[in-house]
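# Observations on chain architecture
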Amino acid sequence: MADNEFDVIVVGAGFSGLCSLYKLRQKGFKVRLIEAAPSVGGVWFWNRYPGAACDVESIEYNLNLSDDLTREWTWTRRYADRDELMRYMNFVVEKLALAPDIQLNTRVEAMNFDDGEARWTLKTSTGESFTAKSCIMATGCLSASVLPRIEGRESFKGDWYHTADWPLEGVDLTGKRVGLIGTGSSGVQSIPIIAEQASQLYVFQRTPAYVLPARNRALSDQEIEEAKRDYRQKRARAYESYGGTVAEFNERPASMMTAEEREAEVNNRYDQGGFSYLMSFADLLTNKDSNEIAAEFVRNKMRSLVNDPETAESLMPKDYPIGTKRLCLDTNYLETYNRPNVKLVDLRKTPIVQIDDAGIVCSNDRYDVDVIVFATGFDALTGPLLRIDIRGTNGVSLRDEWQAGPLTYLGTCVAGFPNMFIIAGPGSPSVLTNVPVAVEQQTDWVIKTLEYMRANGVKSVDAQPNAVAEWMAHVHDVAHHTLFPEGNSWYMGANIEGKTRVFMLYAGGLAPFTQRCEAASADGYRGFNLVTA
Ligand code: NA7
């Protein structure tokens, strides 16, 4: 093969990409990983805003690639911050000697499938061209950031930043008047830190988030020792779980518990902090009454932390079930509104009318600022793929195919786009789980498929349209047995103007997803067209 010809090209150097690269190399594939950023890390490279941290516990949020990795790496905190995660990912690269197969500073801009050759050609921002039999799209779920369409945004004369593209050298906000738009996780994490630096911080909130305590803290020696000792066994349990973690669901629905039992359950889980709150009742995400019990408990806790009653009321999430938009984990967020230099602007009462050269103009007032921070999120799940001009069989464009929402088979393959495998994308459990665990499962399945192709002289694997239709119907049915479609979330594409609203993730759980993938391949790749050379 020529220098620019590969068995597999992996696009993206986050968890999915690094995991794919390592496993492909283990199996003897000629592989190149192409990454747009000047570093590995994926979402953790880009999200450098103050306070950026993971909302999944570090002891579980990592890659199970070798015992040495587990033995030699020691997490310091319950939730790793961005810098610790970057150190971890660089450690993985170094330990597994991945660097020689990674090409940084190179954005894949276009991909074309040649039907005759059954090969992909990839064109990059560097002007290079690569070909590969197969492509693994490890492009991430939250890697296409979005700026809001607000009239006059470009006319602002001060500095502005998106949280997902924060300057590498950091930003000194000391003494600055700052306007921050958006109160998802990025806003909730950065607001307390920005408030300490800024002379004045205005927070512009469209939808209030359910905010739970992170209770982040240093890990004890004993916790670290136990985590390392029990790692394999815990990982095995995570693979068999709904969410890719060992956190335990309460198996009883709220209706089968007394009021005291319910109170004790939510109280206990709230005190522990973190996402396991959503496991308080078996039916918390499927039954509105159960959900409301858990939601009201959180609202009351949130209210108790904010001094000004009007601000507290504006911060109350009331019109969607808890958990249907991603929970935000709080370290001093709500208390930040008690500071004299912080003001919440409730956009449901006074919407933004425009941005002008000096600040943000709302329907009843204007806020002059030196800096605007856009914590306005991402074109999630589909954005990272559709920003690449991907053309499959007969030149068909993925953008056209997915206009009414993403269409995949088993969350991994797209009809008409042979030998293209998506990791943690639409139609897979992805961000509803602990992502690195879901990534391991999916990369294992993809690489097994590539080995099968190699062993059996298969030149292309393509999803059958009827299999895609059946899978999407199943994804839709599962979602509509839950409350997820009731939140205007990025899971639904609801944060992007003009994006089709459809619940994009597989809510059936990681273990059932794995079983379905394994069953399809064991059954002679049911639902796929396999073309032999
Ligand atoms: P999110 O969770 O999508 O939050 C974006 C926030 O920005 C959210 O509060 C949005 O309000 C708000 N937003 C977006 N556009 C506008 C406009 N035009 N005007 C006002 N407010 C706006 O992104 P994050 O970066 O915080 O977190 C993403 C994920 O990363 C997170 O869930 C974790 O998994 C890690 P909305 O809710 O749409 O009304």
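Refer to the structure printed above.
Below you will find a few notes about this structure. Keep in mind that what you see is a predicted model, and the values were worked out from it rather than measured. (Residues numbered from 1 in each chain as written. Predicted model: local features only at pLDDT ≥ 70, side-chain atom pairs only at ≥ 80, totals over all residues. Heavy atoms only, no water.)

### Considering the overall build of the protein
Per the secondary structure count, the protein includes 16 helices and 20 strands. Each of the three principal axes of the protein carries a C-alpha extent, and together these read 70 × 55 × 45 Å. Residues counted as buried form 57% of the 533 residues belonging to the protein. In the protein, the proportion of contacts linking residues at least 24 apart, taken out of those at least 6 apart, comes to 71%. (Helix = DSSP H or I, 4+ residues; strand = E, 2+ residues; numbered from the N terminus. Buried < 20%, exposed > 50% of the residue type's maximum accessible area, 1.4 Å probe, protein only. Contact = heavy atoms within 4.5 Å.)

### Some remarks on the site of the ligand
Close to the ligand lie 19 residues; Ser186, Arg206, Thr207, Lys325 and Arg326 are nearest. At 3.0 Å, a backbone N or O of Thr183 approaches an oxygen atom of the ligand. About the coverage of the ligand: the protein hides 86% of its 770 Å² of free accessible area. (Near = heavy atom within 4 Å. Polar contact = N/O pair within 3.5 Å; in protein donor to acceptor, adjacent residues only side chain to side chain. Areas by Shrake-Rupley, 256 points an atom, 1.4 Å probe, with all protein chains shown as cover.)

### Looking at the packing of aromatic side chains
The full count for this structure, using the stated rule, is 32 aromatic pairs. Aromatic pair Phe6 and Phe130: ring centres 6.4 Å apart, planes at 50°, arrangement tilted. Of the two residues, Phe6 sits in strand β1 (residues 5-11) while Phe130 sits in strand β6 (residues 129-137), which places them 124 residues apart along the sequence. For the residue pair Phe6 and Phe130, the accessibility class agrees, reading buried in each case. With centroids separated by 5.3 Å and ring planes inclined at 45°, the aromatic side chains of Tyr161 and Trp166 adopt a geometry described as tilted. Taking the relative accessible area as the measure of exposure, Tyr161 reaches 16% and is therefore buried. Of note, Arg48 hangs over the ring of Phe45, and the distance from its end group to the ring centre comes to 4.7 Å. Directly above the ring of Tyr320 sits Lys325, whose terminal nitrogen or CZ lies 5.8 Å from the centroid. (Phe/Tyr/Trp six-rings, centres within 6.5 Å; stacked < 30°, edge-to-face > 60°. Lys NZ or Arg CZ within 6 Å of the ring centre and 35° of its normal.)

### Focus: the sheet that holds strand β8 (residues 177-181)
What links the strands of a sheet is backbone hydrogen bonding, and the strands pair in either a parallel or an antiparallel sense. One open sheet accounts for five strands, arranged β7-β16-β8-β9-β12; its pairing is parallel. The two strands at the open ends of the sheet, each matched to only one other strand, are β7 (159-162) and β12 (342-346). For this sheet, the mean angle separating the axes of adjacent strands, direction not counted, is 15°. Here four bridges tie β8 to strand β16 (residues 371-374), and the two strands are oriented parallel to one another. The partner of Val178 across the bridge, within β16, is Val371. Helix α5 (residues 185-197) rests against β8, β9 (200-205), β12 and β16 of the sheet, and its axis sits at about 170° to β8. (Pairing = 2+ DSSP bridges. Axes fitted to C-alpha atoms, helices over the stretch in contact; angles between N-to-C directions.)

### Section: empty space enclosed by the protein
Under the criterion given, the structure shown has three cavities of 30 Å³ or more. Size it by volume and the largest cavity reaches roughly 170 Å³. For the largest cavity, the lining is made up of 14 residues, of which Asn62, Thr70, Trp73, Trp75 and Tyr231 are closest to its centre. Taken together, the elements giving at least two residues each to the lining of the largest cavity come down to α3 (67-72) and α6 (221-229). For the lining of the largest cavity, the leading source of residues is α6, giving three residues. Considering only enclosed or pocket space, the second largest cavity measures out at about 70 Å³ in volume. If you go around the second largest cavity, the residues you meet are Ile59, Glu60, Ala227, Tyr231, Lys234, Arg235, Ala238 and Val246. When residues in the lining of the second largest cavity are grouped by element, the largest group, four residues, is from helix α7 (residues 231-239). (1 Å grid on protein atoms, 1.4 Å probe; cavity = no way out; pocket = protein on both sides within 12 Å on 5 of 7 lines; lining within 4 Å. Points joined across faces, edges and corners; volume = space filled by probe spheres on them.)

### A short note on the environment of Ile447
Secondary-structure assignment places Ile447 in helix α14 (residues 435-456). A C-alpha to C-alpha distance of 13 Å links Ile447 and Glu518, two positions 71 residues apart in sequence. When residues no more than four places from it in sequence are discounted, the contact partners of Ile447 are Ser20, Lys23, Leu24, Lys27 and Phe29.

### Things to note about helix α1 (residues 15-26)
If you check α1, its first and last C-alpha atoms are 17 Å apart, about what twelve residues at 1.5 Å a residue would give, namely 16 Å. When you tally the buried positions in α1, you get ten out of twelve residues, the bulk of the element. Of all the residues in α1, the buried ones are Phe15, Ser16, Gly17, Leu18, Cys19, Ser20, Leu21, Tyr22, Lys23 and Leu24. Within two residues after α1, Gly28 carries a phi angle of roughly 80°, on the positive side. (Expected span 1.5 Å × (residues − 1).)

### Here we look at the sheet that holds strand β15 (residues 366-368)
Reading across the sheet, the three strands line up as β13-β14-β15 and stay open at both edges, with antiparallel pairing between neighbours. Because the sheet does not close on itself, it has two edges, and the strands there are β13 (352-356) and β15. This sheet shows a mean twist of 15° between the axes of neighbouring strands, independent of strand direction. In this sheet, strand β14 (residues 359-362) lies alongside β13 in antiparallel orientation, the contact comprising four bridges. Opposite Asp356, over in β14, you have Gly359 as the bridge partner.

### Quick look at the layout of surface pockets
Taken as a whole, the second largest pocket holds about 980 Å³ of empty space. Here the element with the most residues in the lining of the second largest pocket is α6; it accounts for three residues. Its residues assigned to classes, the lining of the second largest pocket shows 18 nonpolar, nine polar and 13 charged. (Nonpolar A, V, L, I, M, F, W, Y, C, P; charged D, E, K, R; others polar.)

### Observations concerning unusual backbone geometry
Its identity as a non-glycine residue notwithstanding, Asn394 has a phi of 60°, on the positive side. Structurally, Asn394 can be placed in the loop between β17 (389-391) and α13 (398-401). A relative accessible area of 68% means that Asn394 is categorised as exposed. We note that Asn419 has phi near 60°; this positive angle belongs to a residue other than glycine. As for its placement among the helices and strands, Asn419 is situated in the loop between α13 and β18 (420-422).

### Focus: the environment of Leu168
You can see Leu168 is positioned in the loop between β7 and β8. We classify Leu168 as exposed; its relative accessible area is 59%. For the pair Leu168 and Trp46, spaced 122 residues apart in the sequence, the C-alpha separation amounts to 8.7 Å. If we skip the residues at most four places from it in the chain, Leu168 touches Phe45 and Arg48.

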